[in-house]
Each structure stands twice: as structure tokens, then as C-alpha cells.
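Structural overview for review
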Amino acid sequence: MMLPMDTNVLFDFNRETNPNKWQIVNDGVMGGLSQGTFQITEEGHGLFSGEISLENNGGFTSLRHRFDSLKVSHHKTVVLRLKGDGKTYKFRVKSNQKEQHSYTIVFHTTGNWQTIHLKFSDMVPKFRGRFLDLPPYPGQTLGEMAFLIANKKKESFQLEIDYIALR
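From a predicted model like this one, the values you see are computed outputs, not experimental measurements.

1. A look at the overall build of the protein
Summing up its helical and strand segments, the protein has 0 helices and 13 strands in all. The order of α-helices and β-strands along the protein, N terminus first, is β-β-β-β-β-β-β-β-β-β-β-β-β. On C-alpha atoms alone, the protein measures out to a radius of gyration of 15 Å, which is about the 15 Å that the 2.2 N^0.38 rule sets for 167 residues. When its C-alpha atoms are laid out on the principal axes, the protein stretches across 45 × 40 × 30 Å. Per-residue burial over the protein gives 48% buried out of 167 residues. Excluding contacts between residues fewer than 6 apart, the proportion of contacts in the protein whose partners are at least 24 apart in sequence is 72%. Averaging the locations of the 21 positively and 17 negatively charged side chains of the protein gives two centres separated by 6 Å.

Structure (C-alpha cells):
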């Protein structure tokens, strides 16, 4: 992995990565039937995959990582190195684990390996899918990050993750 000098890797997936540091949250918390899974591939990438169901008011699954809050004020961007399946995903962050709302940004995958740059200033506050009348992500601390798929359709999905960094 060759990253610019001013890049701070938050999570670098590899064969020794403990997948238990990441948690799946399916729409079953609201009665839905979607199923997401997470594993480490033989190549050492994180693999978030599964099936989205719209039954019982479902329609989403997410992969979340919580950690002690980090100071991130000297960064302005999240850098994702990943390979999707041509579908649309959301990346979400929280300033700390106690924060109720997330700051969300949409990104699109191409089916090929991509390096995606997501600006803090473009991450908007949302709670349970609703926009909040608050400023964008302040980018001072970071205590949680997540990937979410919720495209309002029944579908299979697969998102392979190499690393998550700050720049």
C-alpha cells in the first residue's frame, strides 16, 4: 500500500485483522429481514456482503466500527480504498460513540478497485434517515465509522475494503 505522506491510516485490513472489531447492524432492529455479513478474505480485505430485503419494512444493513474518540482536526478527508459491485453505499461517522446522529455521505462503486475521497465538509447530519438542521461534520473527533447500504430495493451486495484513512 503506497499512501501519500500526509495520510493517516485508521484501519488497514489484512489476513490478521480481527473481524470481531466490526459489527453488523441489520434492519432486524426494526423488524426487517436483511442479512449482512463481514469476513476477512484470503487476500486480506474486509468483505461486507449480504442480501437486502424490503419485507417487514426492512431495507438496510450496515457494518460499524466503534473506538475511543480520536482527534482528527488536522485532517479534512476520509480516504477509502475499496472494490464495490456497482451499487451505491453510504459512509457514516460519529464524533463519539454517545452521539445519536451520524454524519453521512453517499458514494458510488464501479465494480473495480477505487480510491474514494470523502470530504468532512460534505458529510451531513442524519438520524434514522432524516436530515437534521445542524452543520456538517465538524471534523474535530471521530469515534465511530460505518458503511451502510439502503437503496430501497431487494438486492445482493458485496463491498470489499482494503483500507480507511484520513487525509
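Structure shown, so let's carry the discussion forward.
2. Some details on the sheet that holds strand β10 (residues 124–127)
Pairing is antiparallel in the open sheet, where 7 strands are placed in the order β2-β5-β12-β7-β8-β10-β11. Single-partner strands in this sheet number two, and they are β2 (23–26) and β11 (130–131). By the bridge criterion, 6 bridges tie strand β7 (residues 88–94) to strand β8 (residues 102–108) in an arrangement that is antiparallel. Paired with Thr 88 across the two strands is His 108, which belongs to β8.

3. Looking at the packing of aromatic side chains
Overall, the coordinates contain 11 aromatic pairs when judged by the stated rule. Measuring from centroid to centroid gives 5.9 Å for Phe 13 and Phe 38, while their planes differ by 65°, and the two rings are edge-to-face. With a gap of 25 residues between them, Phe 13 in the loop between β1 (8–12) and β2 and Phe 38 in strand β3 (residues 35–40) connect regions that are remote in the sequence. Aromatic side chains Trp 22 and Phe 38 sit 6.0 Å apart centroid to centroid with 40° between the ring planes, which places their arrangement in the tilted category.

4. Considering the pattern of salt bridges
All told, the structure shown has 1 salt bridge when counted by the stated rule. A salt bridge links Glu 144 to Arg 66; the shortest N-O distance between them is 2.8 Å. Separated by 78 residues along the polypeptide, Glu 144 in strand β12 (residues 141–149) and Arg 66 in strand β5 (residues 61–71) bring together distant segments of the chain. By relative accessible area, which is 4% here, Glu 144 ends up buried. On the basis of relative accessible area, Arg 66 is assigned to the partly exposed category, the value being 37%.

Cut-off values and rules
Residues numbered from 1 in each chain as written. Predicted model: local features only at pLDDT ≥ 70, side-chain atom pairs only at ≥ 80, totals over all residues. Heavy atoms only, no water. Helix = DSSP H or I, 4+ residues; strand = E, 2+ residues; numbered from the N terminus. Rg over C-alpha atoms; globule rule 2.2 N^0.38 Å. Buried < 20%, exposed > 50% of the residue type's maximum accessible area, 1.4 Å probe, protein only. Contact = heavy atoms within 4.5 Å. Lys, Arg positive; Asp, Glu negative; His and termini not counted. Charge placed at Lys NZ, Arg CZ, Asp CG, Glu CD. Pairing = 2+ DSSP bridges. Phe/Tyr/Trp six-rings, centres within 6.5 Å; stacked < 30°, edge-to-face > 60°. Salt bridge = Lys/Arg side-chain N within 4 Å of Asp/Glu carboxyl O.

These figures capture arrangement, not role.
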